[in-house]
Amino acid sequence: MKNKHIINLGIQIVPKSKNLDTYALVDKAIEVIQNSGVNHVVTPFETVMEGEQEELMKIAMDAQEAVLAAGADEVLIYYRMQIRKNKDVYIVDKTGKYK
């Protein structure tokens, strides 16, 4: 049975290109995440998304494809997820007190 709870997925995409600016390529991935409509937080090292795992993994794949389509020669992708068995995971529960 698939987990239908809300999870957090942190994704760090590290594009490699001989000719293109790395930050511009990362911007393509962030644009996909922003356009997806899911709650997310962009940090200097990764972007953390909030939603159902299946949806977030699709967004992550779309972000990867956007970076490759923008001209990256290859991408290194690092994921971190927090998943609870019977409870949702919200970003605000962890970081809301710091705003």
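The coordinates are above.
The rules we used
- Along every chain, residues carry numbers that run from 1 in the direction the sequence is written.
- Totals for whole chains, interfaces and linings use every residue, but because this is a predicted model, local features are given only for residues with pLDDT of at least 70 and side-chain atom pairs only at 80 or more, for both listing and counting.
- Hydrogens and water are ignored here; the side-chain numbers use all heavy atoms of the structure.
- For helices the rule is a DSSP run of H or I covering at least 4 residues; for strands it is a run of E covering at least 2, with both sets numbered from the N terminus onward.
- For a helix, the expected span equals 1.5 Å multiplied by the number of residues minus one.
- Accessibility here uses a 1.4 Å probe with only protein chains present; expressed as a share of the type maximum, an area under 20% marks a residue as buried, one over 50% as exposed, and anything in between as partly exposed.
- What the arc measures is the spread of directions leading from the helix axis to the C-beta atoms.
- Whether two residues are in contact is decided by their heavy atoms: any pair within 4.5 Å suffices.
- As used in this structure description, the phrase polar contact means that two N or O atoms lie within 3.5 Å; if the pair is within protein, one of them must be able to donate a hydrogen and the other to accept it, and residues adjacent in sequence are counted only when both atoms belong to side chains.

Points about helix H2 (residues 53–69)
And then number 1: The first and last C-alpha atoms of H2 sit 24 Å apart over 17 residues, in line with the 24 Å expected at 1.5 Å per residue.
And then number 2: Listing the buried residues of H2 in full gives Leu56, Ile59, Ala60, Ala63, Gln64 and Val67. One side of H2 holds all its buried residues, which, seen down the axis, span an arc of 140°. Among the exposed residues of H2, those oriented more than 90 degrees off its buried face are Lys58 and Ala69.
And then number 3: Close packing links the buried residues of H2 with strand E1 (6–16), helix H1 (22–36), strand E3 (47–52) and strand E4 (74–82).
And then number 4: Glycine 71, located one to two residues past H2, shows a positive phi value of around 115°.

Concerning the side chain of glutamine 64
And then number 1: Mapped onto the secondary structure, glutamine 64 falls in helix H2.
And then number 2: We classify glutamine 64 as buried; its relative accessible area is 15%.
And then number 3: Here the side chain of glutamine 64 touches glutamate 65 through a polar contact of 3.2 Å, side chain to side chain.
And then number 4: Residue contacts for glutamine 64: discarding those within four places in its chain leaves Ile13, Val75 and Ile77.

Coordinates in, geometry out; function isn't part of it.
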